[in-house]
Amino acid sequence: MSLHPSRFLAAEILLRATACTELDFYRLVHDAASKLVTVDAFYLCRVQRSPDWLHFVYNCEGNRFDCPDPLPIANGPTSWVANTGKPKIIVQSEHAVGLDYIQFADVESHTWSAIHWPLWIDVFGSERPDGVLSVQAYPHGAYDQEDLEAIEWLALRTADLIRQRSAMSNMQAQITKAEQISAQNRAVSDAKKFNTLLEGLASQGETPHALREKIRATQVDIAHWASTNQAIPDTVADDLVKLSDRELQVLIFVAEGRSTKEVGQSLCLSEHTIKRHLDNVYSKTKLKKRADVIAAAHAIRKFHSIR
């Protein structure tokens, strides 16, 4: 089988294809190997250390595929590569004495030629390889020096791609964890704001359940009003959703025509605090004075307010 450069190009194109799952990726490596050398059987084995086990994550002969249970490292050719980090080449001629062959699972057929090449995935890790890539053929003496060089190239590319996939997986895991932490922080913040709102209304004698229902209805309705109401400019409606729970609460009271003192009494807050909340409302919205707020009151009155 002549190793024309086009075969390497065809193999590289396969290796660069998108593989969603690990099994899809191993299939691509198998297909790439078939572009380079004769392949009647193929496997990719990952090595586990402490204790030492062989995980045949992809094992295929013809149309037969299996993933056998992990095996302890012993005396076979795969174990020899896993222990020594050196390639194991089987290119017996049909006249050789004491033929060494590989048998696939429970299949009767024998592969008389094989190349088992170490995979060095963790370049800063163990002095022993992290896996073994193997191509096998039924005929005697199926592989030559060019085939060995091709499989060495494939093993290097495979190890490099496994490292890249692992790095991307770790990055995605970190992003997911960061998103979970952010969601937890938002939940804590929302809970604190909700408790603050309840504390401001506790003096009115309503039950916690009634307060929760009223606040929930108000928040939902105000958000809906801010996105759909045409009584005031859209820019103002958009700004309203930026307000905190307390600022919305103050805005609702002011929109009903209450004075700063009356709002403070209703919320058990000082006039200074109410003025500060109003200043925040003015800075976040296009409502720059009390008259602007009152002008929008007819739209706000259509919805529940916190009293």
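This one's a predicted model, so the numbers in the text were calculated from it and none came from an experiment.

Participant: Give a description of the side chain of His277 that names residues and reports values.
Facilitator: Among the structural elements, His277 can be located in helix H9 (residues 271-284). Setting aside residues up to four positions removed in sequence, His277 forms contacts with Arg246, Glu247 and Val250.

Participant: Mind laying out the nonpolar core, listing which residues take part and the relevant values?
Facilitator: Counting residues in hydrophobic clusters, the biggest one holds 32 residues, and the most contacted among them are Val29, Val37, Phe42, Leu133, Val135, Ile151 and Leu154. Breaking this core down by element, the ones donating at least two residues are helix H1 (5-15), helix H2 (22-36), strand S1 (41-48), strand S2 (53-61), strand S8 (113-119), strand S9 (131-137) and helix H4 (145-201). When residues in this core are grouped by element, the largest group, 8 residues, is from H4. Setting aside residues no more than four positions away along its own chain, Leu133 makes contact with Val29, Phe42, Tyr43, Ile115, His116, Trp117, Leu119, Ile151, Leu154, Ala155 and Thr158. In this structure, Val254, Val263, Ile274 and Leu278 belong to the second largest nonpolar core, which totals 15 residues.

Participant: Tell me what's going on with H2, and back it up with residues and numbers.
Facilitator: Helix length check: H2, at 15 residues, gives a terminal C-alpha distance of 22 Å against a target of 21 Å (1.5 Å per residue), a fit within 8%. Turning to H2, its buried residues number three or more, namely Phe25, Tyr26, Leu28, Val29, His30, Ala32, Ala33 and Leu36.

Participant: Outline the layout of surface pockets, listing residues and values.
Facilitator: As a volume, the second largest pocket reaches approximately 260 Å³. Lining the second largest pocket are 13 residues; nearest its centre among them are Ala17, Leu161, Gln164, Arg165 and Met168. Sorting elements by how many residues they give to the lining of the second largest pocket places H4 first, with 5 residues. Here the residues of the lining of the second largest pocket are counted per class, giving 8 nonpolar, 3 polar and 2 charged.

Thresholds applied
Residues numbered from 1 in each chain as written. Predicted model: local features only at pLDDT ≥ 70, side-chain atom pairs only at ≥ 80, totals over all residues. Heavy atoms only, no water. Helix = DSSP H or I, 4+ residues; strand = E, 2+ residues; numbered from the N terminus. Contact = heavy atoms within 4.5 Å. Core = buried A, V, L, I, M, F, W, Y, C linked by side-chain atoms within 4.5 Å. Buried < 20%, exposed > 50% of the residue type's maximum accessible area, 1.4 Å probe, protein only. Expected span 1.5 Å × (residues − 1). 1 Å grid on protein atoms, 1.4 Å probe; cavity = no way out; pocket = protein on both sides within 12 Å on 5 of 7 lines; lining within 4 Å. Points joined across faces, edges and corners; volume = space filled by probe spheres on them. Nonpolar A, V, L, I, M, F, W, Y, C, P; charged D, E, K, R; others polar.

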